[in-house]
Amino acid sequence: MNKFLTVFILMASLYAVGQDSLRGIIIDNYTQTPIKEAIVNNGNQTVITQEDGRFALSCTGNMTIKVSQENYETWQAKDLSCNSELVVRMNATALNLSTFEVRGEKMVNQSDASTAQSVNVLSEKDLNRTTGLFLEEAVNLQTGVRMEKRTMSGGQRFTIRGYGNNTNFNGMGYKAYFNGIPLTDANGTTILDDIDFSTLGKVEIIKGPASSLYGTGIGGVVNMYTAKPKQFGTSIEENIIAGSYGLLRSTTSLKSNTETSTIALNYGVQNYDGYRVHSASQKRYLSFMGDFNVNKKQSFSTYFAYNNSYEELAGQLDSAKFFNRENVGEEKYLKNNGRVEIESYRAGLTHNYAFNKYISNQTTAFLSSSTLTQAYAVGLSDNISQNVGGRSVFTLFFPLGKKYELTGNIGAEIQQSKGNYKSFGLMNSVLGDLRANNDITAFQGNYFMEWNLEMPYRFRLSAGASANQINYTVLDRMATSGNTNHLDGSGTHQFNTVITPRIALEKELGKHQMVFINVAQGYSPPTTSDFVIAYTGEINKNLKPEMATQIELGTRGSVLQNKLSWQVAIFDMNIKDKITAKAVVDDSGVVLYSYGVNAGNQRNLGAEMALSYVIVKDEKKTLSLLRPFANFTYNAFTYSDFKSDANDNTQTRDYTGNTVIGVPPMVFNAGIDAETNFGVYANVNFQYVDDMYVTFDNAHSAPAYTLLNAKVGYHKEFGKHLKVDAFVGGNNLTNSLYYNMVFVNWEKGPKPSIYAPGAYEALFYGGLKLNYTF
């Protein structure tokens, strides 16, 4: 069969010589890697791409071509001119859980995600299975990952394989990127309030340390990408979504996909009264992304975003109020008009250059700036910060005879964050004394390399490491001659350079099946929010960095003509010097602040399994798609040599052997996607989350819950220019009691307020999307 295809392609290429021709390359829209085995047809001639993704068709005038590949959405363009060089960008489907190309990764512009590691990939269809506005609705249907939020659309954090809930505020312990630009600053903090999730087209979650490509971050890496135009041409799009409790979102987009460029300009306005008292959310987003192919050797990508976010804070509920489904807030939050206000700018420029087929480079420069004001129960924070840096990676390819090939990535990522962080007292919305006023500068440098050796019998060995450099400088502006009672917190703290290695071995069992073993070490230093306690102004200098080693064994693949696909993994992660947040509450149970402590060691043993079966996939049938899916996550996480503090006195409590808090032992998801050839589609998903402990002594737990969500829609193309997509849906259709976040490990207070509740009743929504292509 392969010989026949080779002869066929050669004959087609010879036929095109001496005539006008349409030439081009077919690439993945997000990874920019060439797509092999894509079928290109112009009605008279058909060619099939090989590993370089290139094709050539004879051309006698303006023509239409259609491109298809089993793992990608069909691409079509009309009225293409001859003698042009076309770049076809295709979007992967969400149908096959195991899509991977091992042999194709020898190309110098390979994807960042290693095949010998567990990675969850969410396509645009996955992201829009419900409203498409709240990322946790899609992420929480994945194995090994939980995404929580404190407000209607703010205070989000990822917990990956039980890691990332070190703090009750925002995200730490993992790294997040948006179009290649770090969302995690040099302080190690990830704030997602100002990210427009509705414009995402792909999310990639690497589970566990990815040190040989990203440096720090024990939990893993979250890569997010703006949705790119799917079809050829220029279009304008309007998307409106309305729902329960005053939800109203409008997004206006201008998109263009030409022979040499792809651009998307998005403007969004989102308002939500919220299903809790004092929980309104207001968002304003403006973003631009563009990919520009200069020639066969080089391309540019650029991204710019302005974001304005306002989230009201109602505080949390104690257990009695949560179980009674009371719609109340904490009095001190309400009297202080609790809120989080963020205004931010973010920009980046990426240059890709292929020197030849053996070496290429990708370099990104980025900067961001933000102001953040947060009023909470007993105070107000006022911060302004800037982040600047760059990332550069050289990818190398060395053919070593007929049986061996060596590819490598060598690079560095550096960034510096500078900011002024103030904390004031606040009572009944009256501003009190200045508690803290610190200028904090954080520098982080990650220097990494990874080598991949292709060997006989379809083996592949990967090995690499990173050197990680972090330091903090604090200037305490309250340490003045007129404030002699204040303890000066100024100083510089430089952590020792840490080397974190990774080694992995994978074996292809066939074209669509593989197994792997992966051993990786991760490193997470204390963040500046751990290092500096804003509420008190204290410098928490005794904190040590966390270190972790993960051993993972996994398999992914598909059989039955790719209808049945799977991902399975078991892992053992050992974490040393675990930093855990301790919430300090007053006598009424209100959380005053949280601070970090090195509590001891933690062992995370877990298993993950995901299955998908495409029962029907045929555009000619009335029921054109029917695909059920299910996944299961099991977590057996325990503490070892784990104590409440390092004082070793009568107040110290030993939690060795107890179950890790804030992580459900079991999570089960199931769903079904269905489509018809006349435009009707439906998505249904079910989720079960087990109960989980929320205190180190395992005396208190959050309840288990189930969620049932459904969406029905109709999409149709009218003529050659207008596309319409109308839909309705509902979340929590069974009116289950569930939470969005739980504050773990509190101190003091008889009835702590720890629950950020979800909606007590079903939430409904409807939307209309209009797309006009010129």
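Residues numbered from 1 in each chain as written. Predicted model: local features only at pLDDT ≥ 70, side-chain atom pairs only at ≥ 80, totals over all residues. Heavy atoms only, no water.

Asker: Help me out: how do you make sense of the overall build of the protein chain in this one?
Answerer: When its secondary structure is counted, the protein chain shows seven helices and 47 strands. The C-alpha radius of gyration of the protein chain comes to 26 Å, within 12% of the 28 Å expected for a compact globule of 774 residues. Along the three orthogonal principal directions, the C-alpha set of the protein chain runs to about 85 × 55 × 45 Å. Taking all 774 residues of the protein chain together, 57% fall into the buried category. Put simply, of all contacts in the protein chain between residues at least 6 apart along the chain, 66% involve residues at least 24 apart. Put simply, the protein chain shows about 30800 Å² of open surface, and 57% of that area lies on carbon and sulfur atoms. Distance between charge centroids for the protein chain: 6 Å, based on 68 positive and 70 negative side chains. (Helix = DSSP H or I, 4+ residues; strand = E, 2+ residues; numbered from the N terminus. Rg over C-alpha atoms; globule rule 2.2 N^0.38 Å. Buried < 20%, exposed > 50% of the residue type's maximum accessible area, 1.4 Å probe, protein only. Contact = heavy atoms within 4.5 Å. Areas by Shrake-Rupley, 256 points an atom, 1.4 Å probe, with all protein chains shown as cover. Lys, Arg positive; Asp, Glu negative; His and termini not counted. Charge placed at Lys NZ, Arg CZ, Asp CG, Glu CD.)

Asker: It is not clear to me how the side chain of Arg276 should be interpreted in this structure. Could you clarify?
Answerer: With respect to the helices and strands, Arg276 occurs in the loop between β19 (261-272) and β20 (281-293). Buried and without a salt bridge, Arg276 has Glu330 as its closest oppositely charged side chain, separated by 6.7 Å. (Salt bridge = Lys/Arg side-chain N within 4 Å of Asp/Glu carboxyl O.)

Asker: What exactly am I supposed to notice about the sheet that holds strand β6 (residues 72-80) here?
Answerer: Across a sheet, paired strands are connected by hydrogen bonds in the backbone, their directions being either parallel or antiparallel. Here four strands make up an open sheet; going across it, the order is β3-β2-β5-β6 and the pairing antiparallel. The open sheet has two free edges, formed respectively by β3 (46-48) and β6, since each of these has just one partner strand. Direction aside, neighbouring strands of the sheet carry axes that sit 15° apart on average. As judged from the three bridges shared by strand β2 (residues 39-41) and β3, these two strands associate in the antiparallel manner. Bridging from a neighbouring strand, Val40 pairs with Val47 of β3. (Pairing = 2+ DSSP bridges. Axes fitted to C-alpha atoms, helices over the stretch in contact; angles between N-to-C directions.)

Asker: Mind showing me how you'd approach the side chain of Asn731 here?
Answerer: With respect to the secondary-structure elements, Asn731 resides in strand β43 (residues 722-731). A relative accessible area of 10% places Asn731 in the buried class. Separated by 3.1 Å, the side chains of Asn731 and Glu137 make a polar contact. The contact partners of Asn731, leaving out residues within four places of it in the chain, are Thr130, Thr131, Glu137, Leu708, Asn709, Ala762, Leu763 and Tyr765. (Polar contact = N/O pair within 3.5 Å; in protein donor to acceptor, adjacent residues only side chain to side chain.)

Asker: Even after reading the chapter, I still don't get the pattern of salt bridges, so can you show me in this structure?
Answerer: Pairs may arise between side chains of opposite charge once their charged atoms sit close together. Taken as a whole and judged by the stated rule, the model has 29 salt bridges. Lys207 is the partner of Glu608 in a salt bridge, and the nearest nitrogen-oxygen pair spans 2.8 Å. One end of the pair, Glu608, is in strand β35 (residues 591-613); the other, Lys207, is in strand β15 (residues 200-207), and 401 residues separate them in sequence. For Glu608, a relative accessible area of 4% translates into the label buried. One connected set of salt bridges, linked through shared partners, spans Asp126, Arg129, Arg627 and Asp673.

Asker: Quick question: what am I supposed to make of the confidence of the model for the protein chain here?
Answerer: Any region with low pLDDT has predicted coordinates that should not be read closely. In the predicted model, the protein chain carries a mean pLDDT of 88, and 91% of its residues have values of at least 70. In this model residues 10-18 is a low-confidence stretch, pLDDT under 50, and it forms seven contacts with partners more than four residues away in sequence or in other chains. Contacts of residues 100-113 to residues separated by more than four positions or lying in other chains number 58 contacts, the stretch itself having pLDDT below 50. (pLDDT = per-residue confidence, 0-100.)

Asker: Explain the packing of aromatic side chains here, please?
Answerer: Between two aromatic rings, the relevant description is the distance of the centres plus the angle of the planes. Under the definition given, this model contains 25 aromatic pairs. Judged by centre distance (6.3 Å) and plane angle (75°), the rings of Tyr245 and Tyr275 are edge-to-face. Here Tyr245 is found in the loop between β17 (233-243) and β18 (247-257), whereas its partner Tyr275 is found in the loop between β19 and β20, with 30 residues between them in sequence. For Tyr275, a relative accessible area of 11% gives the class buried. Judged by centre distance (6.4 Å) and plane angle (55°), the ring pair of Tyr739 and Tyr755 falls under tilted. With Tyr739 in strand β44 (residues 739-742) and Tyr755 in strand β46 (residues 755-757), this residue pair connects regions lying 16 residues apart in the sequence. Exposure class is identical for Tyr739 and Tyr755. Each is buried. These aromatic residues form a ring-pair network of at least three members: Phe322, Phe323, Tyr705, Tyr738, Tyr739 and Tyr755. Positioned above the aromatic ring of Phe134, the side-chain terminus of Lys149 is 4.6 Å from the ring centre. Here Arg161 stacks its cationic end above the ring of Phe571, 4.2 Å away from the centre of that ring. (Phe/Tyr/Trp six-rings, centres within 6.5 Å; stacked < 30°, edge-to-face > 60°. Lys NZ or Arg CZ within 6 Å of the ring centre and 35° of its normal.)

Asker: I'm lost on the sheet that holds strand β12 (residues 175-178) in this one. Help?
Answerer: Strand order in the open sheet formed by five strands is β8-β15-β16-β12-β13, and the pairing between neighbours is mixed. A strand with exactly one partner marks an edge of an open sheet, and here the two such strands are β8 (119-122) and β13 (181-182).

Asker: Hey, could you run me through the pairing of strand β38 (residues 666-676) in this one?
Answerer: Where a strand is regular, its side chains alternate between the two sheet faces. Of the pairings in the sheet, the one linking strand β37 (residues 623-640) to β38 comprises 11 bridges and is antiparallel in character. Pairing of Leu623 across the sheet is with Thr676, part of β38. Two strands pair when backbone bridges link them, and β38 and strand β39 (residues 680-689) are joined in this way by nine bridges, in the antiparallel orientation. Pairing of Asn669 across the sheet is with Gln687, part of β39. Between β38 and β39, which pair antiparallel in sequence order, lie three residues; one of them, Gly679, sits at a positive phi of approximately 115°.

Asker: What is the right way to read the nonpolar core from this model?
Answerer: Soluble globular proteins tend to pack their nonpolar side chains together in the buried interior. Grouped together as the largest cluster of nonpolar side chains are 43 residues, with contacts concentrated most on Tyr272, Ala702, Tyr739, Val742 and Tyr755. Those elements that place two or more of their residues in this core are β35, β37, β39, β42 (705-718), β44, β46 and β47 (763-773). Take this core: its biggest share by element is three residues, from β44. Ile181, Leu183, Ala264 and Ala305 belong to the second-largest nonpolar core, a separate cluster that totals 27 residues. (Core = buried A, V, L, I, M, F, W, Y, C linked by side-chain atoms within 4.5 Å.)

Asker: What should I look at first to understand the pairing of β43 in this one?
Answerer: Here β42 pairs with β43 via nine bridges, running antiparallel. Within β43, the residue paired with Val712 across the bridge is Val728. Taking the residues that link successive antiparallel strands as the turn, the β42-β43 hairpin has three residues, and the phi of Gly719 there is positive, at about 70°.

Asker: What exactly am I supposed to notice about the environment of Asp291 here?
Answerer: Relative to the helices and strands, Asp291 resides in strand β20. With 162 residues separating them along the chain, Asp291 and Leu453 place their C-alpha atoms 31 Å apart. Among all residues touching Asp291, those that are not within four sequence positions of it are Gln32, Arg89, Lys228, Thr260, Ser261, Thr262, Phe300 and Ser301. Here Lys228 takes part through its side chain, which lies 2.7 Å from a polar atom of the side chain of Asp291.

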